[in-house]
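Observations on the model geometry
Here is what each chain is made of, one letter per residue.
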Amino acid sequence: MGSVKQTYDLEERTFEFSKAIRLFAKTLPRTIANIEDVKQLIRSSGSVGANYREANEALSKKDFLMRIRISRKEAKECVYWLRVIRETNTLDDPREAHRLIGEANELTKILSSIAAKSP
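Before going into details, it helps to say that this report is about the structure given with it. In this convention, every chain numbers its residues from 1, walking through the sequence in written order. Only residues with pLDDT of at least 70 get local features here, since the model is predicted, and only at 80 or more are side-chain atom pairs given and counted; chain-wide, interface and lining totals rely on the full set of residues. Note that water and hydrogens are dropped before the side-chain values are worked out from all heavy atoms of the structure.

It is worth spelling out the packing of helix α2 (residues 32-56) against helix α3 (residues 61-88) at this point. Following both chains from N to C, one finds α2 and α3 inclined at 160 degrees, their axes separated by 8 Å at the closest point. In terms of axis orientation, α2 runs roughly antiparallel to α3. α3 is crossed by α2, and the crossing has left-handed handedness. Note that Gly is not counted as nonpolar here; it falls among the polar residues with everything else outside the nonpolar set of Ala, Val, Leu, Ile, Met, Phe, Trp, Tyr, Cys and Pro and the charged set of Asp, Glu, Lys and Arg. Of the residues that constitute the contact of α2 with α3, the class distribution is 14 nonpolar, seven polar and five charged. Working convention: axes come from line fits to C-alpha atoms, limited for helices to the stretch in contact. Angles between N-to-C directions cover 0 to 180 degrees. Secondary structure follows DSSP: runs of H or I at least 4 residues long count as helices, runs of E at least 2 residues long count as strands, and numbering of each begins at the N terminus. For classification purposes, an angle smaller than 35 degrees is called roughly parallel, one larger than 145 roughly antiparallel, one from 65 to 115 roughly perpendicular, and anything else oblique. By convention the crossing between two helices is left-handed if the near helix lies anticlockwise of the far one by an angle smaller than a right angle, and right-handed if it lies clockwise.

So this is what it looks like as structure tokens:
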């Protein structure tokens, strides 16, 4: 399974997270529920990194803060969908879901810290 590298380059870290989510999704059974849950998970995981990149190109401090908050919200949403998937499937390797939940929680904390330190 793909691993999320612990890196200080948050753009790369959010990309690796999104990639790991997609690789994890490929291992899940194709049930009606999983198809819908995975769609939501993939959207939110991609949005974490996309909005962080948008924040880095923000036109104003207000725009920056809004994008950081959206990115944080999407990371929290990832935790939700990963928990739903973990609790409703018999996973080959439940450690991967646990690891991804941990990474989403760490990203949430990092983004919260950035938001709190922004003027």
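By salt bridge we mean one thing: a side-chain nitrogen of Lys or Arg within 4 Å of a carboxyl oxygen of Asp or Glu. Throughout the structure, instances matching the rule amount to nine salt bridges. Here Arg-13 makes a salt bridge to Glu-106, at a shortest N to O gap of 2.6 Å. Highlighted residues: Arg-13 in helix α1 (residues 10-25) and Glu-106 in helix α4 (residues 94-117), separated in sequence by 93 residues. Only protein chains enter the accessibility calculation, which uses a 1.4 Å probe; a residue whose area is less than 20% of its type maximum is buried, one above 50% is exposed, and one in between is partly exposed. Relative accessible area serves as the criterion here: at 6%, Arg-13 is assigned to the buried category. The closest approach of N and O atoms between Glu-87 and Arg-86, which form a salt bridge, is 3.2 Å. One network of salt bridges, with partners in common, ties together Arg-13, Glu-103 and Glu-106.

A few words now on the packing of α3 against α4. Their axes nearest at 9 Å, the elements α3 and α4 cross at an angle of 160 degrees. As far as their axial angle goes, α4 and α3 are roughly antiparallel. Crossing angle aside, the handedness with which α3 passes α4 is left-handed. Two secondary-structure elements touch here, α3 through Phe-64, Leu-65, Ile-68, Ser-71, Arg-72, Ala-75, Lys-76, Cys-78, Val-79, Leu-82, Arg-83 and Arg-86 and α4 through Ala-97, His-98, Leu-100, Ile-101, Ala-104, Asn-105, Leu-107, Thr-108, Leu-111, Ser-112, Ile-114 and Ala-115. In terms of residue class, the contact of α3 with α4 is built from 15 nonpolar, five polar and four charged. Should any heavy atoms of two residues lie within 4.5 Å, those residues are counted as being in contact.

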